[in-house]
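Architecture at a glance
Listed below are the residues making up each chain.
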Amino acid sequence: MMKTSGNRQGVKVPKVPENVLERVRSLRESINYHNHRYHVLDDPEIPDVDFDALFRELAELEQKYPEIIVGESPTQRVGAAPVAGFAQVRHEQPMLSLDNAFDEAAVLDFNRRILERLDREEPIKFAVEPKLDGTAISILYENGILVRAATRGDGSTGEDVTHNVRTIGSVPLRLSGSDYPELLEVRGEIFMPRAGFDALNAGARATNEKIFMNPRNAAAGSLRQLDPRVTARRPLDMFAYGIGIVRGGQMPGCHSDSLARLGEFGLKICPESCSVVGEEACLDYYRQIGEKRDRLPYDIDGVVYKVDDFDLQSRLGFVARAPRWAIAHKFPAQEQATTVTDIEWQVGRTGAITPVARLEPVLVGGVTVSNATLHNFDELSRKDVRPGDAVVVRRAGDVIPEIVRVKIRKNHRRKAAVKLPAVCPVCGSEIIRAEGEVVARCSGGFVCSAQRKESIRHFASRRALDIEGLGGKLIEQLVDMDLVRSPEDLFDLTHEQLADLPRMGEKSAQNLLDSIERSKETTLDRFLYALGIREVGEATSLALAEWLGGLEQIQNASEEELQSIEDIGPIVAAHIHHFFCQTHNVQMVASLIDKGIYWPQPKIRNSRGSAFSGMNVVLTGTLQSMTRTEAKKCIQQEGGKVTGGVTGKTSLVVFGMNAGSKLQKARSLDVPVVDETSFLAMLSDKKT
Ligand code: D41
């Protein structure tokens, strides 16, 4: 029996038992490993609950034996107390700034100057990377332990934000491996991914807290919090983009290899970074990233080209705090000023009505923008946008442009604020805003032609049934002429009906009929997605198709069964169940199938074996011999289904290392459980 150690004077502190020290070491290693998989590699191996269990166990041991706590323990990320202010930090090696190039000519100039200065003709190898729109940081590691993090400040002096940087999951508190220099300064960019930014602002909106203008401000603001607990709740991330001081050890001789080494130490490197040779390849990279920009999960405002070789870098040196060997090639601005001509209401597929600002057309980042969404009535009121106002519009990502803010003009008489309409501007039905909901909806349902049009547009869209040539304008005509009332009517359209439409010839009519015919062969998940069930996007549709296998099973699934599918919660389960409880939906589905929509049966479960035939299997904990995805595949190939949560319907739980609450639940429900060895035996029994 161990007594808890007391630190009171005179009381002898018992030594921490060896087995506890061993467990703590192993827990820390395990937590660091899973943390790295989750935050840096974006490829978690175990579910959150299992991770939480490991974390809790460590925290409990550390609470019991406080003398084992060290600063780099994964429990100590949010360890520090709020600070009164930020200490100043002098950067031993100044953090340089970057020159900008706004067009290709400036990039060619940059390359020419380098070649001249180096007196060479051979093309230069450049390390190239996106320019993250965040805030620059310097992080110092002493013997592999994070000891200090400082903002860039003016380049020579920044602020000590160690307590906050420690809370960022992708920043290692200790480096992996052992061949790191005794002293290593990592430089990089702290940023807030777009999804996190949107969620943060959505939360802030709901609780009337401060809204951040953009992810960059949000990242900078989060880093400058006095209380690290606030920062810990902010979805921050970091990419390392260089090194500063290196002492007592070697780093590679060029930028790209150094980044790779930082990656080995456990730091996160932007996956888009690479190296190219010569100016044309730089410009190709710029175009390639520019094309991808909207699909990246974070904001960037350009790309950076850096001479890769450190010797060449030092021969080039710097002028006025900016290196001659690097340049930022900026993308065109994503914000522009314009004027609101009107504010109108748009009715969506589910009846949600959205205020839309009509704008004087303006070029934003290379695209003409003449509409901007205001999201919902609350947002409209908060931004207080009115017809006639001068505004700043922003086009970020592939999302609809939005209004950032109104530009206040002196001596400008503003028009009256726009009110939420009482009835649907399209069908005249009452508009209802449910208690506690931000979204106001037209109650017209299928009576509302706007909702019908949007349902059909969704049904035919690329990711749903993908009916090529059936665009918004055409759908509008078809619905307005009452040729199509709901998706199934598309399959009854005739050549004559189509050829008679304005701006439609024989040829386009035939093309459209052909693509309608082609759309009949689809997949179950596309079909489900096409139905436009609320909250059921592509991922949920795929999960439904994979887990339940057939349309009938999905139609008949109870809410509880639906919820046992990974990532389907009670709200989505209710929407799905509700959808299939309504006769007109069931009729529509039947009618669509009747008209020839079909999908080839999925190939899984043609079963090479049947070890798990008809079983609902739950995986928990870490398996040693395979990843979770591999295990899932094995079970499916053997005729079983893998579900997320343990319920009375679970046939078997396979548990690996550090299994947590699911294993307990299985035991309490008397669900059979097997460990990895038995699981492997079950698989191999059937194969031999
Ligand atoms: O992604 C960035 N924002 C980024 C910033 C980057 N990828 N590389 C950078 N490289 C440098 C040098 C070449 C000076 C080491 C930078 C910055 N500087 C930088 N960030 C803020 C000021 C300078």
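Residues numbered from 1 in each chain as written. Predicted model: local features only at pLDDT ≥ 70, side-chain atom pairs only at ≥ 80, totals over all residues. Heavy atoms only, no water.

This brings us to the overall build of the protein. Within the protein one finds 24 helices and 24 strands. Summarising its shape, the C-alpha atoms of the protein cover approximately 85 × 70 × 55 Å along the three principal directions. Counting across all 688 residues of the protein, residues that qualify as buried make up 48%. Nonlocal contacts in the protein, meaning residues at least 24 apart in sequence, comprise 67% of its contacts between residues at least 6 apart. (Helix = DSSP H or I, 4+ residues; strand = E, 2+ residues; numbered from the N terminus. Buried < 20%, exposed > 50% of the residue type's maximum accessible area, 1.4 Å probe, protein only. Contact = heavy atoms within 4.5 Å.)

Neighbouring the ligand are 16 residues, the closest being E129, L132, E189, Y241 and K306. Between the ligand and the protein, one listed contact pairs a nitrogen atom with a side-chain N or O atom of E129 at 3.0 Å. In isolation the ligand offers 490 Å² of accessible surface; the protein chains occlude 86% of this area. Mapped by element, the contributors of at least two residues to the shell around the ligand are β3 (125-132) and β10 (300-307). Top contributing element to the shell around the ligand by residue count: β3, with four residues. By residue class, the composition of the shell around the ligand is ten nonpolar, one polar and five charged. (Near = heavy atom within 4 Å. Polar contact = N/O pair within 3.5 Å; in protein donor to acceptor, adjacent residues only side chain to side chain. Areas by Shrake-Rupley, 256 points an atom, 1.4 Å probe, with all protein chains shown as cover. Nonpolar A, V, L, I, M, F, W, Y, C, P; charged D, E, K, R; others polar.)

With that settled, the discussion passes to the environment of D301. Position of D301 relative to the elements: it lies in strand β10. On the basis of relative accessible area, D301 is assigned to the buried category, the value being 17%. Counting along the chain gives 171 residues from D301 to P130, while the straight-line C-alpha distance between them is 7.9 Å. In this structure D301 touches K131, D133, R293, K330 and F331, once residues within four positions along its chain are discounted.

Across the protein, pLDDT averages 89, with 95% of residues at or above 70. Scored below 50 in pLDDT, residues 1-8 makes 14 contacts in the model with residues more than four places away or belonging to other chains. In the model, residues 603-607 has pLDDT below 50 throughout and makes ten contacts with residues more than four positions away in sequence or in other chains. (pLDDT = per-residue confidence, 0-100.)

The next subject is the packing of aromatic side chains. According to the stated counting rule, one finds twelve aromatic pairs in the structure shown. Where Y180 meets F265, the ring centres are 6.1 Å apart and the plane angle is 80°; that geometry is what we call edge-to-face. Residue Y180 is located in the loop between α4 (162-165) and β7 (183-191), and its partner F265 is located in the loop between α8 (255-264) and β9 (274-277); the two are separated by 85 residues in the primary sequence. Accessibility expressed as a relative area gives 16% for Y180, which makes it buried. (Phe/Tyr/Trp six-rings, centres within 6.5 Å; stacked < 30°, edge-to-face > 60°.)

Turning next to unusual backbone geometry. The phi angle at D384 is positive, at roughly 45°, despite the residue not being glycine. Residue position: D384 is located in the loop between α11 (377-383) and β17 (390-394). Of the residues examined, D384 reaches a relative accessible area of 26% and is grouped as partly exposed. The phi dihedral of D466 is positive, around 55°, even though this residue is not glycine. Mapped onto the elements of the fold, D466 is located in the loop between α12 (449-460) and α13 (472-480). Overall, D466 belongs to the partly exposed group, its relative accessible area being 36%.

Attention now goes to the packing of helix α20 (residues 570-581) against helix α21 (residues 583-594). Two numbers describe how α20 lies on α21: the axes approach to 5 Å, and their chain directions differ by 80°. One way to sum up the angle between α20 and α21 is to call them roughly perpendicular. Mapping the contact onto sequence places F579, F580 and C581 in α20 and T583, N585, V586, M588 and V589 in α21. Looking at the contact of α20 with α21 residue by residue, the class counts come to six nonpolar, two polar and no charged. (Axes fitted to C-alpha atoms, helices over the stretch in contact; angles between N-to-C directions. Parallel < 35°, antiparallel > 145°, perpendicular 65-115°, else oblique.)

Time to look at the nonpolar core. Among the nonpolar cores identified, the biggest contains 68 residues, and L531, L544 and F679 are the most heavily contacted of them. Ignoring sequence-local partners within four residues, the contact set of L531 consists of F579, F580, M588, V589 and L592. (Core = buried A, V, L, I, M, F, W, Y, C linked by side-chain atoms within 4.5 Å.)

Here we take up helix α1 (residues 18-40). With 23 residues, α1 should reach 33 Å at 1.5 Å per residue; the first-to-last C-alpha distance of 32 Å fits that figure. Those residues of α1 that are buried are in contact with α2 (48-64). D42 lies just past α1 and shows a positive phi near 55°. (Expected span 1.5 Å × (residues − 1).)

Strand order in the open sheet formed by five strands is β2-β13-β10-β3-β9, and the pairing between neighbours is mixed. Since the sheet does not close on itself, it has two edges, and those belong to β2 (100-101) and β9, each with one partner. (Pairing = 2+ DSSP bridges.)

With that settled, the discussion passes to the pattern of salt bridges. Under the counting rule described, the total for this entry stands at 42 salt bridges. Across the salt bridge formed by E454 and R457, the nearest N and O atoms sit 2.9 Å from each other. In this pair, E454 and R457 both sit in helix α12, three residues apart, roughly one turn of the helix. With a relative accessible area of 23%, E454 lands in the partly exposed category. What makes R457 partly exposed here is its relative accessible area of 38%. (Salt bridge = Lys/Arg side-chain N within 4 Å of Asp/Glu carboxyl O.)

With that out of the way, let us pick up helix α9 (residues 279-292). Working note: α-helix, 3.6 residues per turn, so residues spaced by three or four point in the same direction. Compared with an ideal rise of 1.5 Å per residue, which puts 14 residues at 20 Å, α9 spans 20 Å between its outermost C-alpha atoms and is within 8% of the ideal. Of the positions making up α9, those classed as buried are C282, L283, Y285, Y286 and I289. End-on, the buried residues of α9 take up no more than an arc of 155°, which puts them together on one face. Elements that come into contact with the buried residues of α9 comprise α3 (104-118), β3, β9, β10 and β13 (326-330). (Arc of directions from axis to C-beta.)

Right, let's talk about the packing of α12 against α13 for a bit. Put simply, α12 and α13 touch, their axes get as near as 10 Å, and they point 135° apart. On the basis of the axis angle, α12 is oblique to α13. When you trace α12 past α13, the crossing you get is right-handed. Here S449, R452, K453, I456 and R457 of α12 lie close against α13, whose contacting residues are G472, I475, E476, V479 and D480. Taken together, the residues of the contact of α12 with α13 break down into three nonpolar, two polar and five charged. (Left-handed = near helix turned anticlockwise from the far one by under 90°.)

Assignment of secondary structure puts T650 in the loop between β22 (641-643) and β23 (652-655). Looking at T650, its side chain comes within polar contact range of the main-chain nitrogen of T647, at 2.8 Å. For T650, the residues in contact, after removing those within four places along its chain, are N616, V618, G645 and V671.

What follows is about the side chain of S73. Its location among the elements puts S73 in the loop between α2 and β1 (88-90). The residues contacting S73, other than those within four sequence positions of it, are R28, L58, E62 and L173.

Turning our attention to the sheet that holds strand β8 (residues 237-247). Sheet architecture is open: four strands sit in the order β5-β4-β7-β8, paired in antiparallel fashion. Taken across any chain shown, the strands that pair with only one partner, and hence form the sheet edges, are β5 (145-151) and β8. Taking the axes of each pair of neighbouring strands and ignoring which way they run, one obtains an average angle of 25° across the sheet. Relative to β8, β7 is paired through eight bridges, and the arrangement is antiparallel.

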